[in-house]
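# A closer look at the structure
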Amino acid sequence: MAMPDNLDCIVVGGGPAGLSAAIYLARFRRRVVVLDAGRSRAALIPRSHNHPGYPDGIRGPELLAQMRQQAERFGVETISAKATAATRTPGGITVEAGEHRLTAENLILATGVRDHVPPVDDPLRRVREGLIRQCPVCDAYELIDQPVAVIGTGKVAVGEALFLRHYTADLVLLTLGGPLDVPPDAQRRLDDAGIRVVAAGLRNMAFRGTAVDVSLSDGSTLRFAAVYSGLGNTPRAELARSLGVTLADDGRIVTRDHQRTSVPAVYAAGDIVTGLNQIAVAMAQGEIAATDIHNLLRRRENLSLEG
């Protein structure tokens, strides 16, 4: 396969952030390629009801398909491959992905995060069904006054449980046999909110179409409309780390104005960036990064009044 040359930008990640960046760059008449490993979190969304512009909601795979189609119409080439290495070279930034080796002046990292899921068979299927959930900001509204569980033992789980308490009082924090590892103040907040902590181990989770039956080691079985994973996630920051990009304590990429990272010509957008993980935010970050790249190129081409 002939590889594009003289690229203005390589976008790593085919989720909402990466595709938005690519669409903008293409409409700026810049040469851009997207490397997509097919691991966007958006692909797991059963139906998003909080993404503006879709009053009846939209399925994650449908949104991604429409964005890919839009990018293709403007000439964006997408390569289905995982980027495994990135290095600075005399020609710019070189990215390796499978048998492909691409070089561009700029790089946008939209690599996202990998969620930690509960210990059940085929957990991603349950996420796609909406029975295991990972983002209360996204979908707690659909669970108002319904029985809900949060799984976890740390700060992330407690934070999600407290967030969900605004939507339902029928709420349980399941530690699955592990100790609740949080400061006393966090425990007090749970108590004050009336959130029950159940420390029994997990025997089984049975998924029954519209409910989850959780069987515990103490012999009890609890039924929930949905179970939230408060187990955290791992940022996909390997490329950023290899380039020397500054990371936050949680492993996400720290960005400055215009989504610039600490390394020149390297940008970051989407869930890999510190901040609010939402589709609309990811799109906006991709658009901001793309626009900054275009403006910098315009200055070099003497097509801007800015110096």
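In this text the structure is predicted, and so the values were computed from the model without any measurement.

Across all of its chains, the model carries one disulfide by this definition. Disulfide pairing places C135 opposite C138 at an S-S distance of 2.2 Å. Between C135 and C138 the sulfur-sulfur dihedral comes to about 75°; the bridge is accordingly right-handed. For C135, a relative accessible area of 18% gives the class buried.

The phi torsion at R29 lies on the positive side, around 65°, for a residue other than glycine. Tracing the sequence through the fold places R29 in the loop between helix 1 (16–27) and strand 2 (32–35). Overall, the relative accessible area of 75% leaves R29 in the exposed class. With a phi close to 55°, L176 is a non-glycine residue in the positive phi region. For L176, the location among the structural elements is in the loop between strand 10 (171–174) and helix 6 (184–193). Classification of L176 by relative accessible area gives partly exposed; the value is 21%.

This part takes up the packing of helix 1 against helix 2 (residues 60–73). In the contact formed by helix 1 and helix 2, the axes pass within 9 Å of each other and the chain directions differ by 20°. In terms of their interaxial angle, helix 1 and helix 2 are classed as roughly parallel. Of the two elements, helix 1 crosses helix 2, and the hand of that crossing is left-handed. Counting all contacts with helix 1, which are made through P16, L19, S20 and I23, the residues of helix 2 involved are L64, M67, R68, Q70 and A71. Residues that form the contact of helix 1 with helix 2 fall into these classes: six nonpolar, two polar and one charged.

Attention now goes to the pattern of salt bridges. Enumeration according to the criterion identifies 16 salt bridges in this entry. When the shortest N-O distance is used, the salt bridge between D185 and R188 registers 3.7 Å. Taken as a pair, D185 and R188 lie in helix 6 at a separation of three residues, close to a single helical turn. A salt bridge links R223 to D213, with the shortest nitrogen-to-oxygen separation between them at 2.6 Å. Placement of R223 in strand 14 (residues 221–224) and of D213 in strand 13 (residues 212–216) is noted, with a sequence separation of ten residues between them. A relative accessible area of 10% means that D213 is categorised as buried. Salt bridges sharing partners connect three or more residues here, namely R41, D115 and D271.

We now examine the nonpolar core. Grouped together as the largest cluster of nonpolar side chains are 27 residues, with contacts concentrated most on I10, V12, L35, V95, L107, L109 and V266. Those elements that place two or more of their residues in this core are strand 1 (7–12), strand 2, strand 4 (83–89), strand 5 (92–97), strand 6 (100–109), helix 7 (238–242) and strand 17 (266–268). Considering every element that reaches this core, the biggest residue donor is strand 6, with four residues. The residues touching V12, leaving out its near neighbours within four places in the chain, are L35, A83, V95, L107, I108, L109, A110, T111 and L239. Judged by nonpolar contacts, the second largest core, of 19 residues, contains V120, V127, V214 and L222.

What follows concerns the pairing of strand 13. As a general feature of sheets, a regular strand has side chains that alternate between the two faces. Burial analysis of strand 13 places five of its five residues in the buried class, which makes it a mostly covered element. Here strand 13 shows a buried face lined by V212, V214 and L216 and a second buried face lined by D213 and S215. Here strand 12 (residues 202–207) folds back onto strand 13, and the loop between the two strands holds four residues, one of which, G209, carries a positive phi near 85°. Count of turn residues in the strand 13/strand 14 antiparallel hairpin: four residues, of which G219 carries a positive phi of about 90°.

It is worth spelling out the packing of aromatic side chains at this point. For the coordinates displayed, the defined rule picks out two aromatic pairs. With 6.2 Å between their ring centres and 80° between their planes, Y24 and F28 make a pair best called edge-to-face. Overall, F28 belongs to the partly exposed group, its relative accessible area being 23%.

Parameters and conventions
Residues numbered from 1 in each chain as written. Predicted model: local features only at pLDDT ≥ 70, side-chain atom pairs only at ≥ 80, totals over all residues. Heavy atoms only, no water. Disulfide = S-S within 2.5 Å. Buried < 20%, exposed > 50% of the residue type's maximum accessible area, 1.4 Å probe, protein only. Helix = DSSP H or I, 4+ residues; strand = E, 2+ residues; numbered from the N terminus. Axes fitted to C-alpha atoms, helices over the stretch in contact; angles between N-to-C directions. Parallel < 35°, antiparallel > 145°, perpendicular 65-115°, else oblique. Left-handed = near helix turned anticlockwise from the far one by under 90°. Contact = heavy atoms within 4.5 Å. Nonpolar A, V, L, I, M, F, W, Y, C, P; charged D, E, K, R; others polar. Salt bridge = Lys/Arg side-chain N within 4 Å of Asp/Glu carboxyl O. Core = buried A, V, L, I, M, F, W, Y, C linked by side-chain atoms within 4.5 Å. Pairing = 2+ DSSP bridges. Phe/Tyr/Trp six-rings, centres within 6.5 Å; stacked < 30°, edge-to-face > 60°.

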